[in-house]
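If you want the building blocks of each chain, they are given just below.
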Amino acid sequence: MAAVLDSVRAFFAPSVFTIDAENPSDVVARENLLDRAMGPNRRKKSSEKIRRGRIPAEGLALVARDGDGHVIGTVRLWNVEAGVNSEGTPINALLLGPLAVDAAFEGKGIGAALMRAAILEAKNRQHGAILLVGDAAYYERFGFFAEGACHLVMPGPFERSRFLALELVEGWLDGAAGMIVPTGRMLTSAPVRKAA
Ligand SMILES: CC(C)(COP(=O)(O)OP(=O)(O)OC[C@H]1O[C@@H](n2cnc3c(N)ncnc32)[C@H](O)[C@@H]1OP(=O)(O)O)[C@@H](O)C(=O)NCCC(=O)NCCS
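Below you will find a few notes about this structure. (Residues numbered from 1 in each chain as written. Predicted model: local features only at pLDDT ≥ 70, side-chain atom pairs only at ≥ 80, totals over all residues. Heavy atoms only, no water.)

1. Some points on the overall build of the protein
- Assigned secondary structure in the protein consists of 5 helices and 8 strands.
- Within the protein, buried positions represent 39% of all 196 residues.
- Here the analysis covers contacts within the protein between residues at least 6 apart in sequence; of these, 69% occur between residues at least 24 apart.
- Put simply, the protein shows about 10,900 Å² of open surface, and 56% of that area lies on carbon and sulfur atoms. (Helix = DSSP H or I, 4+ residues; strand = E, 2+ residues; numbered from the N terminus. Buried < 20%, exposed > 50% of the residue type's maximum accessible area, 1.4 Å probe, protein only. Contact = heavy atoms within 4.5 Å. Areas by Shrake-Rupley, 256 points an atom, 1.4 Å probe, with all protein chains shown as cover.)

Here it is as structure tokens:
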């Protein structure tokens with residue numbers, strides 16, 4: 001039944017959308033979208049260990065909105081160290097994910113628009129490379145390939161063929177080897193007020 005409703009919504013869904021910076025009032029809608037798109041196990045992924053308790057990289061939390069401003073797509077990128085180079089120097093990079101689009105709006109180019117906006121913004125902000133874990137058949141069209149990450153490992157189980165990299169600066173990942181380590185700013189929770 002849910003699949004039938006999705007296809008009916010898809011048929012009537014307008015293809016007008018905009019890409020925008022995520023703001024605090026989008027968080028609930030973004031989390032609901034991710035639960036629907038990725039299922040309850042999404043928080044058990046190795047990528048989630050890198051994201052947990054952290055804030056996305058500056059300017060790199062994006063949403064897609066429909067004509068009424070509702071969140072229909074999301075992508076975020078995270079600061080990481082991508083192992084070290086051949087001289088033992090840590091390599092700064094970004095980890096992308098999750099990327100998700102509301103099922104009712106799939107196939108309208110929203111995922112691609114989010115990816116292109118994220119890559120452009122990362123370049124403008126002088127980042128050198130983006131890593132992700134995902135389907136090569138989808139991400140290759142944006143220039144991601146497995147070879148760039150072949151000596152890097154995630155902190156937990158991952159499928160080697162799905163661990164992909166895109167260099168924004170040519171040669172940025174040359175010799176990169178080792179574990180992906182989160183380096184982004186920690187999420188600080190609001191202080192708890194105690195009654196006098
Ligand atoms: C993957 C996802 C973000 C794509 O969003 P979208 O807005 O539908 O993507 P686009 O409209 O830009 O591209 C659609 C094209 O990508 C293809 N595509 C979608 N998912 C794909 C996948 N996993 N592997 C290969 N191709 C894929 C579609 O078949 C379509 O191909 P076509 O252009 O030849 O018709 C969306 O389907 C989604 O949210 N899926 C669930 C969550 C998920 O898997 N996220 C990715 C892992 S982080």
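2. Things to note about the pattern of salt bridges
- Taken as a whole and assessed by the stated rule, the structure comprises 13 salt bridges.
- For the salt bridge of Glu31 with Arg42, the shortest nitrogen-to-oxygen distance reads 2.8 Å. Placement of Glu31 in helix α2 (residues 27-38) and of Arg42 in the loop between α2 and α3 (46-51) is noted, with a sequence separation of 11 residues between them.
- Given a relative accessible area of 6%, Arg42 falls into the buried group.
- Across the pair Glu121 and Arg125 runs a salt bridge whose closest N-O atoms are separated by 2.7 Å.
- By relative accessible area, Glu121 is classed as partly exposed at 26%.
- Sharing partners across several salt bridges, the network here consists of Glu22, Arg30, Glu31, Asp35, Arg42 and Arg43. (Salt bridge = Lys/Arg side-chain N within 4 Å of Asp/Glu carboxyl O.)

3. Digging into the side chain of Arg30
- Residue position: Arg30 is located in helix α2.
- Residue classification places Arg30 among the buried residues on the basis of a relative accessible area of 7%.
- Ignoring any residue separated from it by four or fewer positions in sequence, one finds Arg30 in contact with Glu22, Val71, Thr74 and Arg76.

4. Let's talk about the side chain of Arg51
- On the secondary structure map, Arg51 appears in helix α3.
- The contact partners of Arg51, leaving out residues within four places of it in the chain, are Trp78, Gly97 and Pro98.

5. Quick word on the nonpolar core
- Counting 28 residues, the largest nonpolar core has Leu114, Met115, Ile119, Ile130, Tyr139 and Phe144 as the members making the most contacts within it.
- Looking at this core, the elements that each hand over two or more residues are β2 (61-65), β3 (71-84), β4 (90-101), α4 (110-124), β5 (129-133) and β7 (163-167).
- Take this core: its biggest share by element is 7 residues, from α4.
- In this view, Met115 contacts Leu96, Leu99, Leu132, Tyr139, Phe142 and Phe144; residues no more than four positions away in its chain are not counted.
- The next biggest cluster of nonpolar side chains, apart from the first, holds 16 residues, and it includes Ile50, Val80, Ala93 and Leu95. (Core = buried A, V, L, I, M, F, W, Y, C linked by side-chain atoms within 4.5 Å.)

6. Focus on a nonpolar patch on the surface
- Taken together, Val153, Met179 and Val181 make up a surface patch of nonpolar side chains, about 210 Å² in accessible area.
- Inspection of the secondary structure puts Val153 in strand β6 (residues 152-153).
- Judged by its relative accessible area of 31%, Val153 is partly exposed. (Patch = residues over 30% accessible without salt bridge, like charges linked within 9 Å, V, L, I, M, F, W, Y side chains within 5 Å.)

7. Some words on the site of the ligand
- Close to the ligand lie 17 residues, the nearest being Val101, Gly107, Gly109, Gly111 and Asp135.
- In this structure, an oxygen atom belonging to the ligand sits 2.7 Å away from a main-chain N or O atom of Gly107.
- Separating an oxygen atom of the ligand from a backbone N or O atom of Lys108 is a distance of 3.4 Å.
- Summarising the interface, the protein chains cover 62% of the accessible area of the ligand, which totals 910 Å² for the free molecule.
- The set of elements that each furnish at least two residues to the shell around the ligand consists of α2, β4, α4 and α5 (136-139).
- By residue class, the composition of the shell around the ligand is 10 nonpolar, 3 polar and 4 charged. (Near = heavy atom within 4 Å. Polar contact = N/O pair within 3.5 Å; in protein donor to acceptor, adjacent residues only side chain to side chain. Nonpolar A, V, L, I, M, F, W, Y, C, P; charged D, E, K, R; others polar.)

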